[in-house]
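Architecture and fold: a report
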Amino acid sequence: MAFHVPTDQLGFFRDVDLRFRLLLRKGIITGIDPIRLNNWLANFVSPEDKYLAAHLLNGLTYRSDGMVKSSFQHLMECELPRVLRERGGLPFADLETLYESLSNGTAKSPIRFVAVDGTFEKTPGKSGAVMIRQFKRHLNVSKALLCRPERLEELPEDVKVLIFIDDLVGSGQQFESFASHYKLEEHAKKRCLAYCPLIAFDQGLINLKKALPWLQILAVETLDSSHQLFQGSADSPQIWGVDKVNTVQDVRDHVAQLCTRNDIPASTRHCLDLVVAFEHAVPNNSVPMLSIKSARWQPLFDR
């Protein structure tokens, strides 16, 4: 049987639609408005399309700018203090003192915060630059403590800790390429290197720990296969784990047909079929239906 709406799920789209609009009204989901939601939902025409759209919204992992700020605070207050004390030579009696050292930092400080972007890809994304700006603004970090990856070689010997800020690590391949391009292993011989993605796909963490054993990885939040659109059921991998009725192949086929009709790709180079979005952008590990635009398709979020 082709992809279909189970008989006990005929009201699923309506329920999810109402709940999602409530999140918009309460300001829990920010960065989009009902008009943009309406335009995106208009892409989905048939009952099967709308059922798929409802599952995309229902399974969405969304992080607003306010949530990102909370993640930065968790990073600074729970994950990094030990690294900064032991390796960065930053003695601080309490968190207030720590934040003061960040806001008053100078070029002589032993730490630098580095964006994961730069010239290591032919078409570098904008999220790295956006993330480091948000990090600086939300935590009132001195500009002197920020470093472009292209300028790592210019750092003085007094810099003992490099902290790499990122929004999401998927397969880990992009950060591996980043590490290779900027010769981070050489820096690891004389400095502590900490990679701090706000969200990490568990398999990507496994890949990075194996490929870059000299790197400390401090992820704020971890996702697993249950966050992928085409997840299979634990008992029957060929059955779609989301509704336990449709097959994974039927869902894939329906998505492929829908995307072909609307001139958008069903998948992209780094896509892991995640349903993840930040207010500032959608990671390229997420399904294109969330953010790709064409003459026939309106995105829900910016790329």
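These remarks concern the structure in this document. This structure is a prediction, so every number in the text was calculated from the model and none was measured.

Thresholds, definitions, all that
- Residues numbered from 1 in each chain as written.
- Predicted model: local features only at pLDDT ≥ 70, side-chain atom pairs only at ≥ 80, totals over all residues.
- Heavy atoms only, no water.
- Core = buried A, V, L, I, M, F, W, Y, C linked by side-chain atoms within 4.5 Å.
- Buried < 20%, exposed > 50% of the residue type's maximum accessible area, 1.4 Å probe, protein only.
- Helix = DSSP H or I, 4+ residues; strand = E, 2+ residues; numbered from the N terminus.
- Contact = heavy atoms within 4.5 Å.
- Phe/Tyr/Trp six-rings, centres within 6.5 Å; stacked < 30°, edge-to-face > 60°.
- Arc of directions from axis to C-beta.
- Pairing = 2+ DSSP bridges.
- Right-handed = clockwise from strand over helix to strand, strands pointing away.
- Salt bridge = Lys/Arg side-chain N within 4 Å of Asp/Glu carboxyl O.
- 1 Å grid on protein atoms, 1.4 Å probe; cavity = no way out; pocket = protein on both sides within 12 Å on 5 of 7 lines; lining within 4 Å.
- Points joined across faces, edges and corners; volume = space filled by probe spheres on them.
- Nonpolar A, V, L, I, M, F, W, Y, C, P; charged D, E, K, R; others polar.
- Axes fitted to C-alpha atoms, helices over the stretch in contact; angles between N-to-C directions.
- Parallel < 35°, antiparallel > 145°, perpendicular 65-115°, else oblique.
- Left-handed = near helix turned anticlockwise from the far one by under 90°.

It is worth spelling out the nonpolar core at this point. The biggest cluster of nonpolar side chains holds 39 residues, and the ones touching the most others in it are W40, L229, M289 and F301. Secondary-structure elements contributing two or more residues to this core are α1 (12-25), α2 (34-41), α3 (47-58) and α11 (248-261). No other element matches α3, which puts six residues into this core. Beyond its immediate stretch of four places on either side in the chain, F301 contacts I32, R36, L60, Y62, A277, V282, L290 and S291.

The next subject is the packing of aromatic side chains. Under the criterion given, the structure shown has 13 aromatic pairs. An angle of 70° between the planes, with centres 5.2 Å apart, marks the rings of F44 and W297 as edge-to-face. Here F44 is found in the loop between α2 and α3, whereas its partner W297 is found in the segment after β8 (276-278), with 253 residues between them in sequence. Residue class for F44 comes out buried when judged on its relative accessible area of 1%. When the ring of F175 is compared with that of Y195, the centres are 3.8 Å apart and the planes differ by 20°; the resulting orientation is stacked. Taken as a pair, F175 in helix α8 (residues 173-181) and Y195 in strand β5 (residues 192-201) lie far apart in primary sequence, 20 residues in all. Of the residues examined, F175 reaches a relative accessible area of 3% and is grouped as buried.

This paragraph deals with helix α10 (residues 202-211). Of the positions making up α10, those classed as buried are G204, L205 and L208. Projected onto a plane normal to the axis of α10, the buried residues spread over an arc of 100° and lie on a single side. On its buried face, α10 sits against β4 (161-169), α8, β5, β6 (216-217) and β7 (221-223).

With ten of ten residues buried, β5 is to be regarded as a mostly interior element. As judged from the eight bridges shared by β4 and β5, these two strands associate in the parallel manner. The residue bridging I163 from the neighbouring strand is A194, located in β5. Relative to β6, β5 runs parallel, the two being bridged by two bridges. Bridge pairing in β6 links Y195 to I217. Where the polypeptide runs from β5 across α10 and back to β6, its parallel neighbour, the crossover connection is right-handed. Relative to β7, β5 runs parallel, the two being bridged by three bridges.

With that settled, the discussion passes to the pattern of salt bridges. All chains considered together, the criterion is met by twelve salt bridges. Put simply, R21 and D17 hold a salt bridge, and the shortest N to O gap is 2.9 Å. Here D17 and R21 lie together in helix α1, a separation of four residues that amounts to about one turn. Residue classification places D17 among the buried residues on the basis of a relative accessible area of 14%. Between D273 and R252 there is a salt bridge, and its shortest N-O distance comes to 3.8 Å. In this pair, D273 sits in the loop between α11 and β8 while R252 sits in helix α11, placing the two residues 21 residues apart along the sequence.

This next bit is on the side chain of N262. Here N262 shows up in the loop between α11 and β8. Not counting residues within four places of it along the chain, the set of residues in contact with N262 comprises N43, S294, R296 and W297.

Estimates place the volume of the second largest pocket at around 150 Å³. What lines the second largest pocket is simply A107, R112, A144, L146, C147, R148, R151, E154 and L155. Class assignment for the residues of the lining of the second largest pocket results in five nonpolar, no polar and four charged.

The residue N140 is not glycine, and still its phi comes out positive at about 55°. If you trace the backbone, N140 turns up in the loop between α7 (127-139) and β3 (146-147). Even without a glycine there, the phi angle at K183 is positive, about 50°. Looking at where K183 falls in the secondary structure, it is placed in the loop between α8 and α9 (184-188).

Packed helices, taken two at a time, are described by their axes: the angle between them and the distance between them. At their nearest, the axes of α1 and α2 sit 11 Å apart, and the two run at 155° to each other. Judged by the inter-axis angle, α1 sits roughly antiparallel to α2. Considering how the two elements wind past one another, α1 and α2 form a crossing that is right-handed. Along its contact with α1, which presents F13, D17, F20, R21 and L24, the element α2 presents P34, L37, N38 and L41. Residues belonging to the contact of α1 with α2 are distributed by class as follows: six nonpolar, one polar and two charged.

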